[in-house]
Amino acid sequence: MLLKYADVTPAEINKYHLGKTFGEIQSILKNLPLAIAVIGSALRQSNKSGDFSSRWERILKKLRSRNNHWKNQLTTESYSHSLYGAFDVSFEFLGGVEMKERGDKCSHLQRRILDFALFAEDTEIPAGVLLKVWGRDKERQDTEFLDDADDVDDVDLQDDLDKMTDSSLINCSAVRDNGEQCYTLHDLVVHYMVYKYDEVHGKGSLQRRHRDLLSCYLPKVCCGDKEIEPLSSEENHTQITGNWEMECNRNGLSNKDEKQAIPWWQIDNDGYIYLYLFHHLMNAGYEQEANKLLLKYKWIKKKLQETEVAAVIADFEHYLCKIRMKKAAKTEYSNDKIVNESIKMIYQSLNFTARIITRDSHQLPVQLLGSLIQVPNSEISKFINDIESEKALAMKHALVPITPCLTQPGGYLKRSIPDNKATVLCVAFTNDNKRIIAGLGTGGYKKARVLIIDRETGRESILGKEVDRHDGLVFGLAIHPKDYFVITASFDKTLKVWPLDNVFEEVSVLTGHTDDIYCVALSSDGRFAVSGSADETIKKWDLKDKTCSLSMPGHNGTVRQVCITKNGDKAVSGSEDGNVRVWCLTTGKMLAEYDSMVESIRQIAITHDDSRVVTVGLSEDAVVLNLDNGTLVRKLTGHGREIICCAITNDDSHVFTGAVDGIIRMWPLEGEGKERIFQGHAQRVRYIGISSDGNTMASGSEDCSLKVWDCNPISAKHIRSQQGHIAAVSALAVTADGSTVLSASHDNTLQLWDVATYKSLHVFRGHRDKINCVTLSETLSYGISGSSDKRIGIWDLEKRINHQYLEGHGYEVTSVTSANLHGRNIIISGSIDNVLLLWDIDKLAAVHKLTSDFYDVKHIRMTSENQVSAIFQESASVWNITDKMLADRDASLSVNDCCCTHSITSVVSSCQQSWPIVGRSDKNGFIVGWDEMSRIRKWDLDNEIEAKVSSGHGDANLVTCLCLTDDNEILLCGSESGHVNLIGLHNTDQPIGQLKKPPSAENSPVTAISLIETQQNREGPITILIFTAHKNGKITCYSIDKATLYCCGCVSVTECDGNIVTDDGPDVKQPLMVDPMQHIGSLPSAVTHLIAYTAQGAVKLLSCSDSPNNPSIIIWDVANQREAMKLDGHTHRVTSICMVGDTHAISGSRDGTVRYWNLESGACRVDRSDHSDIRSLCVTRDGKQYLVSTNKNVIIVHDTTSGKYIRSIALGSKVNMKYLSLSRDGSQLLCCYDDFSSEVRSLETGDVKLSMVGHQNEWGNIAYISDDQTVFSRSSHCGMKMWSSTTGEVLGYVGRDQNNDKESGVTTAIGHSRMVTAVAVHSGNFVLTGSYDKTIKLWTIEQSHDGKLRFSLVNTYYFEHAVTAIEMCKDNVICVGLLSGLVCFLRLNID
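Residues numbered from 1 in each chain as written. Predicted model: local features only at pLDDT ≥ 70, side-chain atom pairs only at ≥ 80, totals over all residues. Heavy atoms only, no water.

## Here we look at the overall build of the chain
Put simply, the rule reads: Elements are defined by DSSP. Helices are runs of H or I of four residues or more, strands are runs of E of two residues or more, and each kind is numbered from the N terminus. In what follows, residue pairs with any heavy atoms lying within 4.5 Å of each other are defined as contacts. Per-residue and other accessible areas follow the Shrake-Rupley method at a 1.4 Å probe size, with only the shown protein chains counted as cover for residues.
Counting secondary structure elements, the chain contains 24 helices and 91 strands. Taking contacts inside the chain between residues at least 6 apart in sequence as the whole, the part at least 24 apart equals 51%. Carbon and sulfur atoms provide 46% of the accessible area of the chain, an area that totals close to 55,900 Å².

## Brief notes about the pairing of strand 60 (residues 1034–1041)
This is how the line gets drawn: Note: two strands are recorded as paired if DSSP finds a minimum of 2 bridges between them.
In this sheet, strand 60 lies alongside strand 59 (residues 1023–1030) in antiparallel orientation, the contact comprising seven bridges. Bridged to L1025 within strand 60 is S1039. Between the antiparallel neighbours strand 59 and strand 60 lie three residues, among them G1033 with a positive phi of about 90°. As paired elements, strand 60 and strand 62 (residues 1076–1082) share five bridges and run antiparallel to each other.

## A word on the sheet that holds strand 68 (residues 1144–1149)
Heads up, the condition is: Angular values range over 0 to 180 degrees, each being the angle between N-to-C directions of two axes fitted as lines to C-alpha atoms, with helices fitted over their stretch in contact.
Taken in spatial order, the four strands of this open sheet run 67-68-69-70, and their pairing is antiparallel. Edge positions in the sheet fall to strand 67 (1134–1140) and strand 70 (1164–1168), since each has one partner strand and no second. In this sheet, adjacent strand axes meet at a mean angle of 20° when their direction is disregarded. Of the pairings in the sheet, the one linking strand 68 to strand 69 (residues 1153–1158) comprises five bridges and is antiparallel in character. Paired with S1147 across the bridge in strand 69 is R1155.

## Regarding the pattern of salt bridges
To be explicit about the condition: Any carboxyl oxygen of Asp or Glu within 4 Å of a side-chain nitrogen of Lys or Arg constitutes a salt bridge here. Think of it in three bands: with a 1.4 Å probe and only protein chains considered, a residue is buried below 20% of the maximum accessible area for its type, exposed above 50%, and partly exposed in between.
Tallied over the entire structure, the rule returns 36 salt bridges. Close ionic contact of D386 with K296 constitutes a salt bridge, the shortest N to O distance being 3.6 Å. Here the residue D386 occupies a position in helix 20 (residues 378–388), and K296 occupies one in the loop between helix 15 (287–294) and helix 16 (297–306), the gap between them amounting to 90 residues. Among the ionic pairs, E670 bridges to R612, the shortest N-O distance being 2.8 Å. Of this pair, E670 sits in the loop between strand 28 (663–668) and strand 29 (676–679) while R612 sits in strand 23 (residues 612–617), and the two are 58 residues apart along the sequence. Judged by relative accessible area, which is 11%, R612 ranks as buried.

## Quick notes on the packing of helix 16 against helix 19 (residues 364–372)
Basically, it comes down to this: Each angle gets one of four labels, with under 35 degrees taken as roughly parallel, over 145 as roughly antiparallel, 65 to 115 as roughly perpendicular, and the rest as oblique. Crossing handedness: left-handed means the near helix sits turned counterclockwise from the far one by under a right angle, and right-handed means the same turn made clockwise.
Running from N to C, helix 16 and helix 19 point in directions that differ by 135°, and their axes come no closer than 11 Å. The orientation of helix 16 with respect to helix 19, classified from their angle, is oblique. The hand of the helix 16/helix 19 crossing is right-handed. Where helix 16 approaches helix 19, its residues Y297, I300, K301 and L304 are matched on the opposing element by L364, P365 and L368.

## Notes on the packing of aromatic side chains
We describe a pair of aromatic rings using the distance from one ring centre to the other and the angle between the two ring planes. Convention followed: By convention, a stacked pair of Phe, Tyr or Trp rings (six-membered ring in the case of Trp) has centres within 6.5 Å and planes under 30 degrees apart, an edge-to-face pair has planes over 60 apart, and any other such pair is tilted. A positively charged side chain is recorded as over a ring if its NZ (Lys) or CZ (Arg) lies within 6 Å of the ring centre. The angle to the ring normal must also be within 35 degrees.
For the structure on display, the rule yields 23 aromatic pairs. When the centroid spacing of 5.8 Å and the interplanar angle of 70° are considered together, the rings of Y84 and Y192 count as edge-to-face. Linking Y84 in helix 6 (residues 80–102) with Y192 in helix 10 (residues 187–201), this pair joins segments that are 108 residues apart in sequence. Here Y192 falls in the buried class, since its relative accessible area comes to 0%. Linked through ring pairs, W70, Y84, F87, Y192 and Y195 together constitute an aromatic cluster. K540 extends its terminal NZ or CZ atom over the ring of F528, reaching a point 4.6 Å from the ring centre.

## Topic: helix 10
In plain terms, the rule: In this analysis, the expected span of each helix is defined as 1.5 Å times one less than the number of residues it contains. To be clear, the arc concerns the directions from the helix axis to the C-beta atoms.
Counted at 1.5 Å a residue, the expected span for helix 10 with its 15 residues is 21 Å, and the 21 Å between its end C-alpha atoms agrees. Residues V189, V190, Y192, M193, K196, Y197, V200 and H201 constitute the buried set of helix 10. Down the axis of helix 10, the sector holding all buried residues measures 160°, keeping them to one side. The first or second residue beyond helix 10 is G202, which carries a positive phi of 100°.

## Brief notes about the sheet that holds strand 25 (residues 632–637)
With antiparallel pairing, four strands are arranged side by side in an open sheet as 22-23-24-25. Across the chains shown, the open sheet's two edge strands, defined by having one partner strand only, are strand 22 (601–606) and strand 25. Across the sheet, the mean angle separating the axes of adjacent strands is 20° when strand polarity is ignored.

## Remarks on the environment of G830
Looking at the element boundaries, G830 is found in strand 42 (residues 824–831). In sequence terms G830 and T851 are 21 residues apart; their C-alpha atoms lie 10.0 Å from each other. The contacts of G830, once residues within four sequence positions are left out, are H809, V813, T814, S815, V835, L836, V857 and I860.

Next up, the structure:
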């Protein structure tokens, strides 16, 4: 390398006898590439002088001298002395003969290269900046930086830069678009230049040089009418601020701080100065000027316009780093602590909102307002005043925060890292506390990621290469005591050892477990690891040999957590069997077993003195046990929901627990010390990590965020608690004058709010379960709430007490309203069944019952004509209320029924019922295609974990149907665009191919998919026949070789059927495109069910449509492409079909019958049901029984052969089941409901084993009546429909704009990206929508030429959590409720 840079050959070295010289130079340079490049460049230049040999000897002599000099100067053991010695030689070489002849201390070329000491590390320095500084020296004839005879022009300056580049001390790194060259320096060269600058020019000269550079950029308004030499001294700085003060007075500005701050935001941007102005101010000695700049909103706004959010935040980090350094040196950096605290708060606020501002820089003022407003700090108040003077906030349609809408700085939350796109499942600090390691789920990626996060800056990087990443969720991790490596546990049944800093070291894989791995722990010396798995074993791993040295079976359930004692001789494990076990790590024997006193352990933690163990599970309490004998030490009681994670500080002083409601609590492990609550996560907290010093805590959550908290026990922060509730806000109600708001929450409370002061006036308690709805009675000043405890609460808002509870519903109350009918104060309530009750408030009794053909009331409204309108999911029912209905009646009489006068079913925008579901047979889980965007999720009900699957469809393309192969390896996903994608589930969860859309499908959505495997002979290949059906009734068949499909999906066919995939298979990197084989036939309307089966060696296909008037079941002969048989008998739409063996089928219908069909003869047996709406059927594994689900809260079991009733399974308060399936062993039922919840129940007892709710869809399942005739209800594509409640006509769509490419099936979203969860109408001209994408959007209403209403998006506000409720108050004030429980207020500028 040295020969290359010196531009000499080995022959020339031999010719001039320089072998020894050459060898010594290499020895001194230690083979350091940078040192070799610098000395090689000097040698190359010396070759041109002609005196070849002597110049090499002189350079060697200087190199020896300077190398020895730096050895004595540098105290640290490193190779820096070799580098600095080489820099000295190169720098001296730049002086040349000219410097010696003139007797100068430094040549102009050396002075100019020293100017690179001005610039920060890792900086691209434009030539224009250097020419600007050097040109100013020329104008001022500065003798310190110019020779007396210098008369250089820009060409000479560029020549100097070329010479410096030839020296290899600087590099020409890039060329800008305008042709300007940029230069960079190695960090060590920068450090050397800084040192050399003071040596050459004297101490403090670099500070003056920074001031000279700033002078080149100073705003002209500060320089007055005459040219001065600004910023070169404190006197000139005073003169500049004086000029600026005069300018402020001239323009009528009187703010003292405005006068003091130099308006740097007025300077022109040359691509450099806005990035590095703060660096130069700090190094010029203008720290006070710098901190004033950080407190100026105008500067932050301007810098954001010219650069990016990261550059703005970097200025704050630079300043705060200086403060920490000064504190460490015990020197006060700024006497004004308020200023420093204010800068910290703005820095935190920018960090909290950086994600949004990066996406939309126009959000800067409103995001900062939402975070900083009402912060009790004088400097922040001035900063807020600057923001509020922003013209954008006064613009029409602006959404301006009035109260805190985001996390406020100054609290325990230090940093939030949101939108990881996957659940944060585990988290830990490195032992030096500088980094946080987090393990994630797949989140729609091909593989699960492990993040490395800088604790101070929050900057993220991904651990390792993609090829090395886990194929399953990363559920546990542990870090080496000296931070050499991190070991991760995954659901791909492997452990991986990742080097943390050595990028050249390979990742090691440890295999041996046969099921998902949940946890891993490292010994205190880092020599071995212990892991726990769903295979119910614990394994010990030798990390040197990368082998399993010990296996310890014994638990009767999944091992959820394992810990190693301090001396490394024992392991402690916690399992879902509810027991804690202690193991000997030498023999593998179990030493002790204790009852954990919690149900189904989720996590354990042991104290560092090995005396106690903390256990948490499906309980609201954490239990502390004595590890020696298993006795109870204490219970930690206080959480309102189940605790699923825990952690203990290194000094054993505190224990942390995280619950499913997102709340984290910090408890003293001993005594009755004060607890601390950390509130910020919107969903369950999955993992907690504590820094080794015990001062910082990190938490990972299912809301896909990682939060870093200050948990120092002595840091008593006086922070305001969140304004609102501690659980999701479910509903809001506003008085007629808009002055008062009543909020309802899942924390079982209501709060009364004053819109004038934006403060909570009172909290109402009394409900025993979550509150779902709320309304206000204007005539009586009552608040009325409906709850999942089946009660209606009446609250006196003036006396602020509970007036009474009304009981009468058999299920949870979902909607309430009040009215004055015929002189009576009436409450109307609806439940998830089809019953509405009318209550007389004065008599506190039900006076009438209204029934409907539909179920699950979403919203009730009284019209002006004494009519009750009830909105269901896609329909409306209307009743006329007469005086006779409300007449006095004896309380002993039963409440009368009254059928509705008319019902309207709206035009359904999606092709079939929402929420297509596929049950999985290998585990207690299922796959869901959400009714929002193209999202698919896998739910693992055993672990209450969801994983995202990429459907491959467009951004806003609705997933309409799903089908899974029998071995659960390939998922077929149909979409609204008519395309079907093939998704590999074995290790990618990514699309691997597509079924080409048949011409007959046109652009009709896919409504049903079925498949079957065929094989002509035992030795022949297996063929998969895939059948797809569309909304237009067309049915198409595809054929594909199974080996080809599974090779494309990276699935081993050997595991499935014994066949081996040959090496000459298709390229696995190419997506598989399958052509349609044949058209099977057509049905008159959308096909809802397809079932492929074989009969006498021939493939047949069962099909039916959604037509209520033509509910026939058609059997198709696939080979001959003809209708083989029609099964007639049902009188209403068929809702479910199941096969019973190969010759019989069973079907259910909304006509209330189940029919058992002989598929050979067409004969059937009719079993009548007591219920009019059969929703789903399933057949037991042996085919002897079938189960029926209806819209009621019961599953009915019948004998398949005779049809006789056997028994019923009660579902409690659950009704409207959508899907019913049996587990693989036939012992458990998977029940999925229209409210987007699911349950796993025992088939034998009916008891609930597991339950889960799809949160975003729970909130998106809404309906809202804005006036007597206009209704908003849920629609596909993350939007809402606006339709007439009298005609069912769709008037327009709101909440989502989209561009749809019909050919490719790709739909691009413009509006909401997740389900719409809330809606409010303002004066008929504006609509506000809230969404699970954490935004509210403002839409204007316009009428298009075809008479439809068009909604145009005009503004957006971003929150940290999903929006769950919106209401309009007086004076254009908007009240918003969030999933986190926060209640906040914004103002809408109409004019």
